[in-house]
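The lines below spell out each chain.
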Amino acid sequence: AVQSCDLFESDDDPVGPSASDNSAIGVISTEGNGLIKTESGVSVTVSPGCIPPTTSNENGQMTISIELAEDQTPDIPAGESLASNVMRFGPSGFTFAQPVLVTIPVDGDIGDEEVAIYRVNPTTGDLERYPAIIDTENNTVSAFTYEFSPWFVTRTGRTMGSNTSWGCVEFSTIYRAVGGCVTGIDLAYPQQDASYTGKGSFVFGTDIGLSSRVKVHLPQGNYTFCLQRNVGSLFSPTWEHDIVSGITVTANGYYGSCSDEVISASASGTPGLCDCTPEFTPSAGTGDVQVTLTWYNAEGVDLDLHVTDPNGETVYWDNDQSVSGGVLDRDNECSNYINGKPENIFWKNAPSGKYKVEVDWYEACESSVSSQPFIVRVLNGSSARTYHGSIGVDKKVQVVEFDVSANGLVYSPETLVETERTAHHHSKR
């Protein structure tokens, strides 16, 4: 019994200009779908409507990247062993309109040994185990997610069907159900499954180009699910949802051997989205060059992204458009602060030459923090690199310089440089 993670019925060829052993990149729009895949088999599957529209509700675009997260060494649960590379998917800080599917190959055969897929929570750094879709034929593990962060797979040391292993439930597209999530759970083994927070969604539905059924592995326990579907159009959605309760997940043996009960929605549902559906982040600008700054702090800190173009002009909050075509279209400041909201600067058609990326500490809002970690993804054509750094109060960090030329992309330096910043001449407010 094999359950396939190839949920698309067509469009199996990867999109985008670049794919290497551990990295890949591709551009997908709101009304499009596609597969972004590395040569090693790590991939992101996107269905129509996943990429959010723009702030004016027009067709949006997102450049999705896959990288090896060499700087991440996860503290995996006791008794488990790492079964894959740690992979970073980008850009960070954006919430999709519908979840996308991340897929990671496992080192060696899965067999009947239990495997688990984890993500690193971007705000807390905690590991969160997600509902898994297992493909024993291709030895991959997949999960649906609304936002990107580092992901990896482990072997738990247990055998499928053992007393404490996870079980499996199957969902169907009867009555056009196109997605669902867990809204209530009473875990059978709460101590063992503490890393499962009840998060995680799953998407299925022939009306959006996906397989009509999906088998999802979840911890043993009693569940309530919410199933939702769009009965309107892509840009004018009309959502209905159903609550399905009283579902018991047990250890039901080898992968692909789900319970006899197939879960589906009713013919008509309650108006509105499931309560577990997050608010999406409108698509930001992308192009030849895109630089995105993300940081996570629940209290609030105002950092600023600065990118200087080959002409020496800097795009930032007080100069949001440059003569060369650079545009700042996202700014996360104290007056409208959202934890994890990205700042974004892009050039649709970038001139050749050297660019410099910096992060500036503007103010601490109402928090008392003295330093702030951040993430910067630098995108140029078929290349993407992500940098992790930290900035102190009233400091400015040079993240990277890079050249855009016909000969490709050259980055220097590879280490972050922190300096005292100059005083602000005037306030944002």
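This section reports on the structure supplied with the text. The structure displayed is predicted, hence computed values, not measured ones.

**Here we look at the overall build of the chain**
For the chain, the count of helices and strands is zero helices and 32 strands. Here the chain holds 429 residues, and the buried ones make up 54% of them. Residue pairs at least 24 apart in sequence account for 71% of intrachain contacts in the chain once pairs closer than 6 positions are excluded. Per element, the accessible surface of the chain, about 17,300 Å² overall, is 45% carbon and sulfur.

**Notes on the state of the cysteines**
In this structure the tally under the stated criterion is three disulfides. Linked covalently through their sulfurs, Cys-226 and Cys-274 form a disulfide whose S-S length is 2.0 Å. Here the disulfide of Cys-226 and Cys-274 is left-handed, its torsion about the S-S bond being about -90 degrees. Placement of the pair is Cys-226 in strand E18 (residues 221-230) and Cys-274 in the loop between strand E21 (270-271) and strand E22 (289-294), with a sequence separation of 48 residues. The same class applies to Cys-226 as to Cys-274, namely buried.

**Digging into the nonpolar core**
Within the largest apolar cluster, 34 residues are counted, with the highest numbers of intra-cluster contacts made by Val-44, Phe-89 and Val-141. Looking at this core, the elements with two or more residues in it are strand E2 (24-29), strand E4 (43-46), strand E5 (61-68), strand E7 (87-90), strand E8 (100-105), strand E9 (113-120), strand E12 (140-145) and strand E13 (150-159). Beyond its immediate stretch of four places on either side in the chain, Val-44 contacts Gly-34, Leu-35, Ile-36, Ile-64, Ile-66, Phe-89, Val-100, Leu-101, Val-102 and Phe-148. Val-291, Ile-345, Trp-347 and Ile-391 belong to the second-largest nonpolar core, a separate cluster that totals 31 residues.

**Brief notes about the sheet that holds strand E26 (residues 343-347)**
Strand order in the open sheet made by the five strands is E25-E26-E22-E28-E29, with antiparallel pairing throughout. In the strand order of this sheet, the two ends are held by strand E25 (327-330) and strand E29 (383-392), each with one partner. On average, each strand axis in the sheet is inclined to that of its neighbour by 20 degrees, with strand direction left out of account. As judged from the six bridges shared by E22 and strand E28 (residues 371-380), these two strands associate in the antiparallel manner.

**A short note on the pairing of strand E27 (residues 353-363)**
Where strand E23 (residues 302-308) and E27 come together, seven bridges link them in antiparallel fashion. Among the inter-strand pairings, Val-307 is bridged to a residue of E27, identified as Val-357. Where E27 and strand E30 (residues 395-405) come together, eight bridges link them in antiparallel fashion. What sits directly across from Lys-356, in E30, is Glu-401.

**Looking at unusual backbone geometry**
Note the cis peptide between Gly-90 and Pro-91, where omega equals 10 degrees. Residue position: Pro-91 is located in the loop between E7 and E8. One non-glycine residue, Asn-139, lies in positive phi territory at about 55 degrees. By the secondary structure assignment, Asn-139 is in the loop between strand E11 (133-135) and E12. Backbone geometry places Cys-365, a non-glycine residue, at a positive phi of 55 degrees. Cys-365 gets classed as partly exposed once you look at its relative accessible area, which sits at 25%.

**Let's talk about the pattern of salt bridges**
Applying the stated rule across the entire model yields nine salt bridges. The closest approach of N and O atoms between Glu-113 and Arg-155, which form a salt bridge, is 3.3 Å. You can see Glu-113 sitting in strand E9 and its partner Arg-155 sitting in strand E13, a full 42 residues away along the chain. The buried category is assigned to Arg-155, whose relative accessible area is 13%. Note that Glu-114 and Arg-158 form a salt bridge whose closest N and O atoms lie 3.0 Å from each other. With a gap of 44 residues between them, Glu-114 in strand E9 and Arg-158 in strand E13 connect regions that are remote in the sequence. Overlapping salt bridges bring together Glu-114, Arg-129 and Arg-158 as one network.

Reading the values: the criteria
Residues numbered from 1 in each chain as written. Predicted model: local features only at pLDDT ≥ 70, side-chain atom pairs only at ≥ 80, totals over all residues. Heavy atoms only, no water. Helix = DSSP H or I, 4+ residues; strand = E, 2+ residues; numbered from the N terminus. Buried < 20%, exposed > 50% of the residue type's maximum accessible area, 1.4 Å probe, protein only. Contact = heavy atoms within 4.5 Å. Areas by Shrake-Rupley, 256 points an atom, 1.4 Å probe, with all protein chains shown as cover. Disulfide = S-S within 2.5 Å. Core = buried A, V, L, I, M, F, W, Y, C linked by side-chain atoms within 4.5 Å. Pairing = 2+ DSSP bridges. Axes fitted to C-alpha atoms, helices over the stretch in contact; angles between N-to-C directions. Salt bridge = Lys/Arg side-chain N within 4 Å of Asp/Glu carboxyl O.

Honestly, it's all geometry; don't read function into it.
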